[in-house]
Amino acid sequence: MSIFHRYNSTIHGNYRIAYLRSGLITGVLLAAGNMALNSQHLSLVADYSTLLLDILLIVAVILFTAYYRNSLPDHKITLKEAMLFGIGTAAVAALLYALLLLVLQTTIYNPQPLDSDYPRRYWAAWNAILALLQTLLLGSFAAFIAAIFLRNEKSEIHHKK
């Protein structure tokens, strides 16, 4: 028995268009959630705003993966297709969220001047890059969880004889 197997997996739908739509919706939801949480001046909300946005991202990726699976013919999805859809959704959401966060921090939010020589836009760009990486990593983890729990078709394994 060999260590590596050759799989024959079937892609049942057009996951690229679906993850573009889902990623755009998720990215806008994250940016709207960030605006809503930062508009409140409660210390309790400010402490848990990142946690709430992370939960929103995980729930959105899982729910969109379930919605995509239910939109497929015969409601069948493989692990590979669910992973491709989930990671695509997370990547599009991360890019859109980082861009919207950059725009929000440089135009709408008016933070107090920093004690350093760097202008505000450098800190906004750094925050956008960190948000991009965090959203991409957490969204990919959520895609993995969704793919494990929502797959309902196994790929065929080709054995060498």
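Scope of this entry: the structure provided in the associated data block.

**Looking at the side chain of Thr135**
In step 1: The topology assignment puts Thr135 in helix H4 (residues 120–150).
In step 2: Of note is the side chain of Thr135, whose polar atom sits 2.6 Å from the backbone oxygen of Ala131.
In step 3: Contacts of Thr135, omitting those with residues within four sequence positions, involve Leu30, Leu57, Ala94 and Tyr97.

**Topic: the environment of Ser71**
In step 1: Secondary-structure assignment places Ser71 in helix H2 (residues 43–71).
In step 2: Placed 58 residues apart in sequence, Ser71 and Gly13 show a C-alpha to C-alpha distance of 8.6 Å.

**Observations concerning a nonpolar patch on the surface**
In step 1: Taken together, the side chains of Tyr48, Leu51, Leu52, Ile55, Val59 and Leu63 make up a nonpolar region of the molecular surface, amounting to roughly 560 Å² of accessible area.
In step 2: Here Tyr48 lies in helix H2.
In step 3: Classification of Tyr48 as partly exposed rests on a relative accessible area of 45%.

**Points about the side chain of Arg69**
In step 1: Structurally, Arg69 is set in helix H2.
In step 2: At 10 Å, Glu81 is the nearest oppositely charged side chain to Arg69, a buried residue that forms no salt bridge.
In step 3: Sequence-distant contacts of Arg69, that is, excluding residues within four places in its chain, are made with His75, Ile77, Leu150 and Asn152.

**Let's talk about the environment of Leu63**
In step 1: Along the polypeptide, Leu63 turns up in helix H2.
In step 2: Taking C-alpha positions, Leu63 is 8.4 Å from Ala146, a pair spaced 83 residues apart along the chain.

**Comments concerning the nonpolar core**
In step 1: Ranked by size, the top nonpolar core spans 12 residues in total: Tyr15, Ala18, Tyr19, Ala60, Phe64, Tyr68, Leu72, Ile77, Ala82, Phe85, Val92 and Ala147.
In step 2: Counting residues per element, the ones that place at least two in this core are helix H1 (15–39), H2 and helix H3 (79–108).
In step 3: Non-local contacts of Tyr15, meaning those with residues more than four positions away in its chain, are made with Tyr68, Leu84 and Phe85.
In step 4: Counting residues in each nonpolar core, the second largest holds 11 residues, with Val61, Leu101, Ala142 and Ala143 among its members.

Thresholds, definitions, all that
The numbers attached to residues start from 1 for each chain and follow its sequence in the written order. Given that the model is predicted, a residue must reach a pLDDT of at least 70 before its local features are reported, and side-chain atom pairs must reach 80 or more before they are shown or counted; all residues, however, enter totals for whole chains, interfaces and linings. Note: side-chain values were computed over all heavy atoms of the structure, leaving out hydrogens and water. We count a stretch as a helix when DSSP gives it H or I for four or more residues in a row; a strand needs E for two or more, and each element gets its number in order from the N terminus. Polar contact criterion, stated in full: a pair of N or O atoms within 3.5 Å, where within protein one must be able to donate a hydrogen and the other to accept it, and residues adjacent in sequence count only if both atoms are side-chain atoms. In this description, contact between two residues means that some pair of their heavy atoms is separated by no more than 4.5 Å. Patch criteria: residues need more than 30% relative accessible area and no salt bridge. Like-charged residues are merged within 9 Å; nonpolar side chains of Val, Leu, Ile, Met, Phe, Trp and Tyr are merged within 5 Å. With residues, only the protein chains shown are counted as cover, and all accessible areas are computed by Shrake-Rupley using a 1.4 Å probe. Between Lys or Arg on one side and Asp or Glu on the other, a salt bridge is scored when a side-chain nitrogen of the former is within 4 Å of a carboxyl oxygen of the latter. Throughout this description, buried means an accessible area under 20% of the type-specific maximum (1.4 Å probe, protein chains only), exposed means over 50%, and partly exposed covers the range between. A residue counts as positive if it is Lys or Arg and as negative if it is Asp or Glu; His and the chain ends are not included. We call a set of buried residues a nonpolar core when its members are Ala, Val, Leu, Ile, Met, Phe, Trp, Tyr or Cys and they connect through side-chain atoms within 4.5 Å of each other.

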